[in-house]
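Examining the three-dimensional arrangement
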Amino acid sequence: MALPIVSCLFFLLMISSATACDRCVHQSKVAYFSKASALQSGACGYGSSAVGFNGGRLAAAVPSLYKEGARCGACFQIRCKNSKLCSKEGTSVTVTDQNTNNQTDFVVSSRAFSAMANQGKAQDLLKLGIVDVEYKRVPCDFKNKNLAIRVEQSSKRPNYLSITFLYQGGQTEIVGIDVAQVGSSNWSFMSRNEGAVWDTSRVPKGALQFRLVVTAGFDGKWYWAKAVLPANWRNGVIYDTRLQITDIAQEGCSPCDDGTWKRP
């Protein structure tokens, strides 16, 4: 259930300035990891679940794109600018880690890197190691999957709860989480521990409900997951929120950066 935000206007205006130009095309370079495991164990905290994201086309993003974990799970369309080796469409990637190498905006899995290539040119592209690219953020589409919550192994019922959000669709960022006992209006905030992981040491008793502040460009909403975790929630289990987030950024781009690919 999505609820319009009334009381958090100032908070959301501050958020929106950082998410501007989400749909615009940017120029950079991209390199790749030879082992996908480097991205599966990345800073977002997805762990082994990451291997199933986007067919293994994963990416580590620079801090300005990673945004202290707010962009974990975000999807980007990337294509290289070498028309002899690379296709016009490029490939999509899902952010699962932070890239601390300032030479490239992304370091991607080898599967994602080779997916930019024209047919029969993947090995030639991989030999280059690093290429010039253009990229833009695109909505994530998990088809019929609902937003899910995984209870992390570090949780210790009843005093400590750590959760990770999976299958966050659209072109969105989760920027705030509250938790309460089902049927109660006594909400407690959760803090971002790292990446997509949120935690609290003030765990309400009983079954738990959540409300999320979700932004998409300049827009923001409350989403209310009314009954998610049972009273006997267990570590390592994934729970269905019965929510699907599909919001897409609506802000415009500058005339020289209008969201369209530049290479014919």
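What counts, and at which threshold
- Residues numbered from 1 in each chain as written.
- Predicted model: local features only at pLDDT ≥ 70, side-chain atom pairs only at ≥ 80, totals over all residues.
- Heavy atoms only, no water.
- UniProt positions renumbered as here; feature names shortened; annotations may be inferred.
- Core = buried A, V, L, I, M, F, W, Y, C linked by side-chain atoms within 4.5 Å.
- Buried < 20%, exposed > 50% of the residue type's maximum accessible area, 1.4 Å probe, protein only.
- Domains from an automatic or database assignment.
- Salt bridge = Lys/Arg side-chain N within 4 Å of Asp/Glu carboxyl O.
- Helix = DSSP H or I, 4+ residues; strand = E, 2+ residues; numbered from the N terminus.
- Contact = heavy atoms within 4.5 Å.
- Pairing = 2+ DSSP bridges.
- Axes fitted to C-alpha atoms, helices over the stretch in contact; angles between N-to-C directions.
- Phe/Tyr/Trp six-rings, centres within 6.5 Å; stacked < 30°, edge-to-face > 60°.
- Lys NZ or Arg CZ within 6 Å of the ring centre and 35° of its normal.
- Polar contact = N/O pair within 3.5 Å; in protein donor to acceptor, adjacent residues only side chain to side chain.

An unreviewed UniProt entry annotates the protein chain as Expansin-like A2 of Nicotiana sylvestris. The UniProt entry for the protein chain carries the following text under Sequence similarities (unreviewed entry): "Belongs to the expansin family." According to UniProt, the comment filed for the protein chain under the heading Subcellular location (unreviewed entry) is "Secreted".

Brief notes about the nonpolar core
One finds I78, F106, V108 and L125 to be the most contacted residues of the largest nonpolar core, which totals 34 residues. Structurally, this core is a two-domain feature, drawing no fewer than three residues from each of domain 1 (26-138) and domain 2 (147-243). Within the second largest apolar cluster, 24 residues are counted, among which are V179, M190, L208 and I245.

Some thoughts on the pattern of salt bridges
Should the charged atoms of two oppositely charged side chains come close, the side chains can pair. Applying the stated criterion across every chain, the model contains nine salt bridges. The shortest N-O distance in the salt bridge between E173 and K67 comes to 3.0 Å. Residue E173 is located in strand 10 (residues 173-181), and its partner K67 is located in the loop between helix 3 (63-66) and strand 4 (75-80); the two are separated by 106 residues in the primary sequence. Each member of the pair, E173 as well as K67, is classed as buried. One network of salt bridges, in which partners are shared, links K67, R71, R137 and E173.

What to know about the side chain of S92
Along the chain, S92 falls in strand 5 (residues 91-98). Not counting the four nearest positions on each side in its chain, S92 is found in contact with N54, R57, F76 and Q77.

Quick word on the sheet that holds strand 4
The strands that make up a sheet are held in pairs by hydrogen bonds between backbone atoms, and each pair lies either parallel or antiparallel. With respect to topology, six strands assemble into a closed barrel ordered 2-6-3-5-4-7, the strand pairing being mixed. For this sheet the average axis-to-axis angle between neighbouring strands, irrespective of direction, equals 45°. When strand 3 (residues 58-61) meets strand 5, the two strands line up parallel, connected through four bridges. Bridge assignment links A60 to a residue of strand 5, and that residue is D97.

Comments concerning the packing of aromatic side chains
When we look at a pair of aromatic rings, we describe it by the centre distance and by the angle of the planes. Per the stated rule, a full pass over the model turns up seven aromatic pairs. Here the aromatic rings of Y32 and F113 are separated by 4.7 Å at their centres, their planes lie at 40°, and the arrangement is tilted. One end of the pair, Y32, is in strand 2 (residues 26-33); the other, F113, is in helix 4 (residues 110-115), with 81 residues separating them in the sequence. Taken together, Y46, F53, F142 and Y167 form an aromatic cluster joined through their ring pairs. Taking the ring centre of Y167 as reference, the NZ or CZ of K145 above it sits at 4.6 Å. Geometry around W224 places K226 over its ring, the cationic atom sitting 5.0 Å from the centre.

Digging into the side chain of E152
Within the secondary structure, E152 sits in the loop between strand 8 (147-151) and strand 9 (161-166). A relative accessible area of 14% places E152 in the buried class. A polar side-chain atom of E152 sits 2.8 Å from a polar atom in the side chain of T164. Apart from the residues lying within four places of it in its own chain, the contact partners of E152 are G45, S162, I163, T164, V197, N235 and G236.

Concerning the environment of V133
Residue position: V133 is located in strand 7 (residues 130-138). In contact with V133, other than residues within four places in its own chain, are H26, Q27, S28, K29, V30, I78, R79, C80, K81 and M116.

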